[in-house]
Amino acid sequence: MVNFSVIKVVNFSMDKHTRSRSDDYRGTRQFQTGTYSEACIESGVMGWKGIVDLLLVRSEGCEIIDFKSGEHSPDHELQLRAYAAIWLRAESQNAEQRRATTLKLVYPDGPVEVQTLSSDEDAELASQLVSRAEAARQAIVDPLPRATTSASECPRCQVRHLCEEYWQVLQEWRGADDRAARFVDLELAYEGMDGASFARGRVLRSSVLASDAPVLLRLTEPIPSWASPEQTMRVLGGRILDDTSSGRFVISAGELTEVYFV
Ligand code: SF4
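Residues numbered from 1 in each chain as written. Predicted model: local features only at pLDDT ≥ 70, side-chain atom pairs only at ≥ 80, totals over all residues. Heavy atoms only, no water.

Caption draft 1: Quick look at the layout of surface pockets. As a volume, the largest pocket reaches approximately 250 Å³. Counted by class, the lining of the largest pocket contains seven nonpolar, three polar and two charged residues. (1 Å grid on protein atoms, 1.4 Å probe; cavity = no way out; pocket = protein on both sides within 12 Å on 5 of 7 lines; lining within 4 Å. Points joined across faces, edges and corners; volume = space filled by probe spheres on them. Nonpolar A, V, L, I, M, F, W, Y, C, P; charged D, E, K, R; others polar.)

Here it is as structure tokens:
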């Protein structure tokens with residue numbers, strides 16, 4: 001079964017004569033020479049439908065006209081060219097593959113003729129429409145949006161502390177983060193306080209420090225009273241100090257460092 005993408009919401013008011021004519025030809029029947037309003041054209045090979053305000057089918061070439069009530073827009077030109085691509089490939093309705101040789105937009109301030117595409121350009125547009133429809137269908141059937149992790153983008157992302165995908169791939173980016181030498185993101189298993197200003201923990205995930213490495217986190221603010229040992233801490237932008245006298249890696253939380261319990 002073919003799933004169709006549809007362009008165009010119909011809003012063109014027609015006279016009775018043209019409406020009845022096009023309704024007869026809506027769907028999969030061959031369009032004979034004539035004039036059709038709100039003509040529903042569809043291409044199975046592309047998986048696209050379009051509803052054309054006015055379609056003039058002639059033996060030498062066809063005309064597609066669309067009526068617009070608002071401002072001029074390049075999107076309207078693309079819409080007409082998409083109609084032309086669908087019409088050319090409308091297997092049942094345009095078996096003779098008659099091309100649309102005239103494309104016209106009719107605005108309140110007058111008509112505008114839109115240049116038709118060459119055969120190659122038309123084929124390229126048709127291919128793009130097929131790809132776009134396929135991507136849209138895929139997005140609909142995907143149950144959840146997918147996060148795309150990137151070593152260049154994620155380290156600057158403001159919600160990375162909440163992004164499980166980010167923490168999952170963090171260790172694979174060892175060295176990819178150019179701040180790695182000094183400023184790090186790391187996930188810790190919180191072990192408790194060491195005095196009022198230092199939190200002890202062990203590395204769960206980090207792009208710089210190995211898993212299970214012992215850490216002393218120097219805080220500028222007290223941690224929440226409800227924090228308990230073994231809870232997970234996520235530290236964004238902590239600064240690694242050279243001080244190893246405690247036998248632990250010392251991370252300093254500065255003004256721009258963020259610390260979360262999750
Ligand atoms: S951290 Fe997560 S939310 Fe942020 S850019 Fe990366 S994948 Fe997207």
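Caption draft 2: Highlighting the packing of helix α2 (residues 74-88) against helix α3 (residues 119-141). Interhelical geometry of α2 versus α3 gives an angle of 95° and a closest axis separation of 10 Å. The angle between α2 and α3 falls in the class roughly perpendicular. Judged by residue contacts, L78, R81, A82, A84, A85 and L88 of α2 engage D122, L125, A126 and L129 from α3. When its residues are assigned to classes, the contact of α2 with α3 shows eight nonpolar, no polar and two charged. (Axes fitted to C-alpha atoms, helices over the stretch in contact; angles between N-to-C directions. Helix = DSSP H or I, 4+ residues; strand = E, 2+ residues; numbered from the N terminus. Parallel < 35°, antiparallel > 145°, perpendicular 65-115°, else oblique. Contact = heavy atoms within 4.5 Å.)

Caption draft 3: A look at the confidence of the model for the protein chain. In the predicted model, the protein chain carries a mean pLDDT of 83, and the fraction of residues at 70 or more is 84%. Considering only residues more than four positions removed or in separate chains, one finds that residues 9-25, a stretch of pLDDT under 50, has 25 contacts. (pLDDT = per-residue confidence, 0-100.)

Caption draft 4: Fine view of the pattern of salt bridges. For the structure shown, the criterion picks out 13 salt bridges. The residue K104 makes a salt bridge to E63 at a minimum N-O spacing of 3.2 Å. With K104 in strand β5 (residues 100-107) and E63 in strand β4 (residues 62-67), this residue pair connects regions lying 41 residues apart in the sequence. By relative accessible area, which is 24% here, K104 ends up partly exposed. As a salt-bridge pair, R234 and E164 come within 3.2 Å of each other at their nearest N and O atoms. Of the two residues, R234 is situated in strand β10 (residues 232-240) and E164 in helix α4 (residues 164-169); the sequence distance between them amounts to 70 residues. Under the relative-accessibility criterion, E164 is labelled partly exposed at 34%. The network of salt bridges with common partners includes E164, E187, R205 and R234. (Salt bridge = Lys/Arg side-chain N within 4 Å of Asp/Glu carboxyl O. Buried < 20%, exposed > 50% of the residue type's maximum accessible area, 1.4 Å probe, protein only.)

Caption draft 5: Structural context of the pairing of β10. By the criterion of burial, β10 is predominantly enclosed, with seven of the nine residues buried. As defined by bridge partners, strand β7 (residues 183-194) adjoins β10 across six bridges and the pair is classed as antiparallel. In the sheet register, L186 faces β10, and the bridge partner there is V235. Where β10 and strand β12 (residues 258-261) come together, four bridges link them in antiparallel fashion. Each bridged residue has a counterpart across the sheet, and for L236 the counterpart in β12 is E258. (Pairing = 2+ DSSP bridges.)

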